[in-house]
Amino acid sequence: MRLPPLAAAPPARIPTPQLRLSTESYELTSQEVELDDGTATAAALNAYLTEETVQPGQPRADRAILLLPPATGWKHAPTRRLADRLAIICRCLVLLPDLLRGGAPYDAAAVDVVDGYAAWAAEQPPARLAADVRASAVYLRADHRVRGLGVVGVGRGAEIAVAHSGGLRAAA
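Summary of the structure given here. In this text, all values refer to a predicted model and were calculated from it rather than measured experimentally.

Description of the pattern of salt bridges
So, step 1. Considering all chains together, one arrives at seven salt bridges under this definition.
So, step 2. Residue Asp62 is joined to Arg147 by a salt bridge in which the shortest nitrogen-to-oxygen separation is 3.5 Å. Note that Asp62 is positioned in the loop between strand E2 (45-52) and strand E3 (63-68) and Arg147 in the loop between helix H3 (126-143) and strand E5 (148-153), a separation of 85 residues in sequence.
So, step 3. By relative accessible area, which is 31% here, Asp62 ends up partly exposed.
So, step 4. In this structure, the salt-bridge partner of Asp132 is Arg128, at a minimum N-O distance of 3.3 Å. Of this pair, Asp132 and Arg128 both sit in helix H3, four residues apart, which is roughly one turn of that helix.
So, step 5. Salt bridges here are not isolated pairs; linked through shared partners, they connect Asp36, Arg101, Arg128 and Asp132.

Quick notes on the sheet that holds E3
So, step 1. Here we have five strands laid out as an open sheet, ordered E1-E2-E4-E3-E5, and mixed in their pairing. A strand with exactly one partner marks an edge of an open sheet, and here the two such strands are strand E1 (28-36) and E5. In this sheet, neighbouring strand axes are inclined to one another by 25° on average, regardless of whether the strands run parallel or antiparallel.
So, step 2. Where E2 meets strand E4 (residues 93-97), four bridges bridge the pair, whose relative direction is antiparallel. Within E4, the position partnered with Ala47 by the bridge is Pro97.
So, step 3. Docked against the sheet, helix H1 (residues 77-90) engages E1, E2, E3 and E4, running at close to 40° with respect to E2.

Some remarks on the side chain of Ser136
So, step 1. Looking at where Ser136 falls in the secondary structure, it is placed in helix H3.
So, step 2. Separated by 2.8 Å, the side chain of Ser136 and the backbone oxygen of Asp132 make a polar contact.
So, step 3. Residues contacting Ser136, with those up to four places away along its chain left out, are Leu35, Leu45, Leu66, Leu95 and Pro97.

A word on helix H4 (residues 156-164)
So, step 1. Within H4 the residues assigned to the buried category are Arg156, Gly157, Ile160, Ala161 and His164. All buried residues of H4 lie within an arc of 140° about the axis, which places them on one face of the element. Turned more than 90 degrees off the buried face of H4, the exposed positions are Val162 and Ala163.

Looking at the pairing of E3
So, step 1. Summarising burial for E3: five of the six residues are buried, a large majority.
So, step 2. Of the pairings in the sheet, the one linking E3 to E5 comprises six bridges and is parallel in character. Within the sheet, the bridge partner assigned to Ile65 lies in E5 and is Gly150.
So, step 3. In this sheet, E4 lies alongside E3 in parallel orientation, the contact comprising three bridges. In the strand pairing of E4, Leu66 is matched with Leu95.
So, step 4. Note on the crossover from E3 through H1 to E4: the handedness is right-handed.

Calculation criteria
- Residues numbered from 1 in each chain as written.
- Predicted model: local features only at pLDDT ≥ 70, side-chain atom pairs only at ≥ 80, totals over all residues.
- Heavy atoms only, no water.
- Salt bridge = Lys/Arg side-chain N within 4 Å of Asp/Glu carboxyl O.
- Helix = DSSP H or I, 4+ residues; strand = E, 2+ residues; numbered from the N terminus.
- Buried < 20%, exposed > 50% of the residue type's maximum accessible area, 1.4 Å probe, protein only.
- Pairing = 2+ DSSP bridges.
- Axes fitted to C-alpha atoms, helices over the stretch in contact; angles between N-to-C directions.
- Contact = heavy atoms within 4.5 Å.
- Polar contact = N/O pair within 3.5 Å; in protein donor to acceptor, adjacent residues only side chain to side chain.
- Arc of directions from axis to C-beta.
- Right-handed = clockwise from strand over helix to strand, strands pointing away.

Functional significance is not addressed by these values, which are geometric in nature.
Here it is in structure tokens:
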């Protein structure tokens, strides 16, 4: 038995669906918070805290994501939008700390991309970064009573997350 020929060849590329999540249809509670007031060698540790607004009669989220920002910094609009989206999708608190402690974010247009980035990253002491990641986790656990905590890094934040995640104790 012969099968009839196909009318048309299948498309060479199957389009992927686009996920579009507008935070405008959700009510978020977002604020900038101060985690500590600084030290002799570093400015205050500030952060962006966001969560979906708790409706009356509903329990508050007991989970959180510690989102470590890329080299563009914690005030970068796309990074804050990511924090808002994670809060909505994961139904949790999201804390985006200022790991630069008020310092200037990396600007690829202003300096040599390869050597400039290495010099910029070297200005951030690893011990202070580890302490800031730990202070952020302690803030979420102590001040917001979260039981589950995930650490996510984007770009430079991913480097920091991998380098310093050993200092965070896993939940049993």
